[in-house]
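Residue-level structural notes
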Amino acid sequence: MIDEKELATKTDFIRNVGNGNQDFVLGFVGDNESQKKLENEIVLRIGGTLRVKGDTDNNLKDKAQKECEAEWKEKVSSYLDVDNNINANKADLLLKHTPRDFKGYEDELAKRLYGIEQYGKAVEKKQLAEEIFNSKDERTLYTVKEGKNFEQYGFNKEEVYNAIAINAINSKDNQVKVPTPKLRKLSFADKMKKRLTGKCQADEDNKKIQKQYDEFMGKAQQLFSGIDWGNIGLNVTQLNDLEKFKDVDKIRDAEVVDFHSRMKDYVEARRYETLKDVAIYDFNEKNKEEVLKIEEIRKQKEEQKKQREEAKLTRAAEVVNKISDGQFRDVDVAKDDAGKTEEAKQRYYARKILKDRGLLPQTGKPVVKREVSKDMIRQSVQGGRS
């Protein structure tokens, strides 16, 4: 697993490359021939450079400008909506840039770079993997007749390899025991023969088994050492999986090309942030006089709204004051049902308007104190705008 210091180092590297001052990131790809091959592939796939220039830069500038214009229209629309209850001031019309947080993006790119480095180490072990794979069918299990019985000695390569692979990928707390070879026990006759002649068949068989085991163990451990297998997509936990190693350099190259494609997107995103910041500053500078005009329009609309509100409250007050008069008689109400319904509706809404403003006359008090005056209406309208 990649540690925090390693991730931080690679994130800093990614951030530095993000300044757009490099064409390729190929220092981790081995020999010059491999790098040249990858450069050609990158040029073919993504255009050959991580730098933002030419038409791409102009397109990003146009995008930033259009986003400023769209944001401006939205701000003006909201600012001139006198019903949105905002405490409007001209600062609300200025465009503001909220910088994008690239940390997650950079950490992800750093992990991919780390994974490519692991692929590079795997490429260096391609020949070793081929040797292990080609020897997988070598006989390492032997059946020998011991008296009346047949006994099996040696070791199973698949089981030994699998255990080593699992331990290379798992944490220290999840290690498994690597199988050891089963050797022949020397009989009394074998021991006497070895003492007299210096060797015996059973001992020779054991030496052969142990040599095979040590060589296989050594190669398998060497294959898995020094590589963080948990951070690459090459699954070789089974002995037969080593056949995939014949394409490990192609897999690495594909990862490198994809990494450069993602890096190019990242560099463009970083460049766009810079251009957007500049575009916002220029837009605000250019719009200074326009901001003052929009601010004046807002004040006019607020005054118009105030006048409409006063007129509405005045009409409501006239209705309520009239029907609150003890001498009031419904002599002017139409006698048909439609006329009565309409008059009742008007009186209901008149009361509701005044009630919402706290101006509805209270019953049980002298009439002169229950009448809604124009001063009360003006105070109510001004209070509603504060």
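The structure contained in this document is the topic of the report that follows. If you're wondering where the values come from, they're calculated on a predicted model, not measured in any experiment. (Residues numbered from 1 in each chain as written. Predicted model: local features only at pLDDT ≥ 70, side-chain atom pairs only at ≥ 80, totals over all residues. Heavy atoms only, no water.)

1. Describing the packing of aromatic side chains
Following the criterion strictly, the structure yields 9 aromatic pairs and no others. The side chain of Lys63 reaches across the aromatic face of Tyr272, ending 4.8 Å from its centre. Seen from the ring of Tyr153, Lys182 lies directly overhead, with NZ or CZ sitting 5.5 Å from the centre. (Phe/Tyr/Trp six-rings, centres within 6.5 Å; stacked < 30°, edge-to-face > 60°. Lys NZ or Arg CZ within 6 Å of the ring centre and 35° of its normal.)

2. Considering the side chain of Lys276
Its place among the elements puts Lys276 in helix H9 (residues 248–286). Ignoring sequence-local partners within four residues, the contact set of Lys276 consists of Ala64, Glu67, Cys68 and His97. (Helix = DSSP H or I, 4+ residues; strand = E, 2+ residues; numbered from the N terminus. Contact = heavy atoms within 4.5 Å.)

3. Things to note about helix H1 (residues 4–17)
Taking 1.5 Å per residue, 14 residues should reach 20 Å; H1 reaches 20 Å between its end C-alpha atoms and fits that length. By the burial criterion, the buried members of H1 are Leu7, Lys10, Thr11, Ile14 and Val17. Down the axis of H1, the buried set is contained in an arc of 120°. They therefore lie on one face. Summarising the geometry of H1, the exposed residues directed more than 90 degrees from the buried face are Lys5 and Thr9. (Expected span 1.5 Å × (residues − 1). Buried < 20%, exposed > 50% of the residue type's maximum accessible area, 1.4 Å probe, protein only. Arc of directions from axis to C-beta.)

4. Concerning the environment of Thr197
Locating Thr197 in the fold gives a position in helix H7 (residues 188–197). In terms of polar contacts, Thr197 uses its side chain to reach the backbone carbonyl oxygen of Lys199, at 2.7 Å. (Polar contact = N/O pair within 3.5 Å; in protein donor to acceptor, adjacent residues only side chain to side chain.)

5. With respect to helix H4 (residues 103–124)
In this model, H4 (22 residues) spans 32 Å end to end at C-alpha, consistent with the 32 Å of a helix rising 1.5 Å per residue. Those residues of H4 not exposed but buried are Glu106, Asp107, Leu109, Ala110, Leu113, Tyr114, Gly115, Ile116, Gln118, Tyr119, Gly120 and Ala122. Here the buried face of H4 lies against H1, helix H5 (126–134) and H9.

6. Brief notes about the environment of Ile46
In this structure, Ile46 sits in helix H2 (residues 32–46). Residue Ile46 is classed as buried on the basis of its relative accessible area, which comes to 12%. As for Ile46 and Val257, which are separated by 211 residues in sequence, their C-alpha atoms are 8.3 Å apart.

7. A word on the pattern of salt bridges
Tallying each qualifying case throughout the model produces 27 salt bridges. A salt bridge links Glu146 to Arg184; the shortest N-O distance between them is 3.1 Å. Linking Glu146 in strand S1 (residues 141–146) with Arg184 in the loop between helix H6 (157–169) and H7, this pair joins segments that are 38 residues apart in sequence. You can call Glu146 partly exposed: its relative accessible area is 27%. Accessibility expressed as a relative area gives 13% for Arg184, which makes it buried. Of the charged contacts, one joins Lys288 and Glu285 as a salt bridge, the two residues approaching to 3.2 Å between their closest N and O atoms. Overall, the relative accessible area of 36% leaves Glu285 in the partly exposed class. Linked through salt bridges whose partners overlap, the residues forming this network are Asp12, Arg15, Glu106 and Arg270. (Salt bridge = Lys/Arg side-chain N within 4 Å of Asp/Glu carboxyl O.)

8. Here's the deal with the packing of helix H3 (residues 54–79) against H9
Orientation of H3 relative to H9, taken along the N-to-C sense of each, is 50°, at an axis distance of 9 Å. One way to sum up the angle between H3 and H9 is to call them oblique. Handedness of the H3/H9 crossing: right-handed. Of H9, the residues touching H3 (which contributes Thr56, Asp57, Leu60, Lys61, Lys63, Ala64, Gln65, Glu67, Cys68, Glu69 and Trp72) are Glu268, Arg271, Tyr272, Leu275, Lys276, Ala279, Ile280, Phe283 and Lys286. Split into classes, the residues belonging to the contact of H3 with H9 amount to 9 nonpolar, 2 polar and 9 charged. (Axes fitted to C-alpha atoms, helices over the stretch in contact; angles between N-to-C directions. Parallel < 35°, antiparallel > 145°, perpendicular 65-115°, else oblique. Left-handed = near helix turned anticlockwise from the far one by under 90°. Nonpolar A, V, L, I, M, F, W, Y, C, P; charged D, E, K, R; others polar.)

9. Description of the pairing of strand S2 (residues 149–154)
When S1 meets S2, the two strands line up antiparallel, connected through 6 bridges. Looking at the pairing, Lys145 lines up with Phe150 of S2. (Pairing = 2+ DSSP bridges.)

10. A few points about the nonpolar core
Counting residues in each nonpolar core, the largest one holds 41 residues, and the members touching the most others are Ile14, Trp72, Phe259 and Met263. Where this core is concerned, the elements lending two or more residues are H1, H2, H3, H4, H9 and helix H10 (288–324). At 12 residues, the largest contribution of residues to this core is made by H9. Residues Ala122, Ala220, Leu234 and Val248 belong to the second largest nonpolar core, which totals 30 residues. (Core = buried A, V, L, I, M, F, W, Y, C linked by side-chain atoms within 4.5 Å.)

11. Notes on the side chain of Asp190
Mapped onto the elements, Asp190 comes out in helix H7. For the buried Asp190, no salt bridge exists, and the shortest N-O distance to an oppositely charged side chain is 5.0 Å, to Arg184. Excluding residues within four positions of it along the chain, Asp190 makes contact with Lys185, Cys200 and Ala202. (Lys, Arg positive; Asp, Glu negative; His and termini not counted.)

12. A few points about the packing of H2 against H9
Between H2 and H9, the shortest axis-to-axis distance is 10 Å and the interhelical angle comes to 50°. Here H2 lies oblique to H9, going by the angle between them. The two elements H2 and H9 meet at a crossing, and its hand is right-handed. Each of Ser34, Lys37, Leu38, Glu41, Ile42, Arg45 and Ile46 in H2 lies in contact with H9, whose residues at this interface are Arg252, Asp253, Val256, Val257, His260, Ser261 and Lys264. Looking at the contact of H2 with H9 residue by residue, the classes come out as 5 nonpolar, 3 polar and 6 charged.

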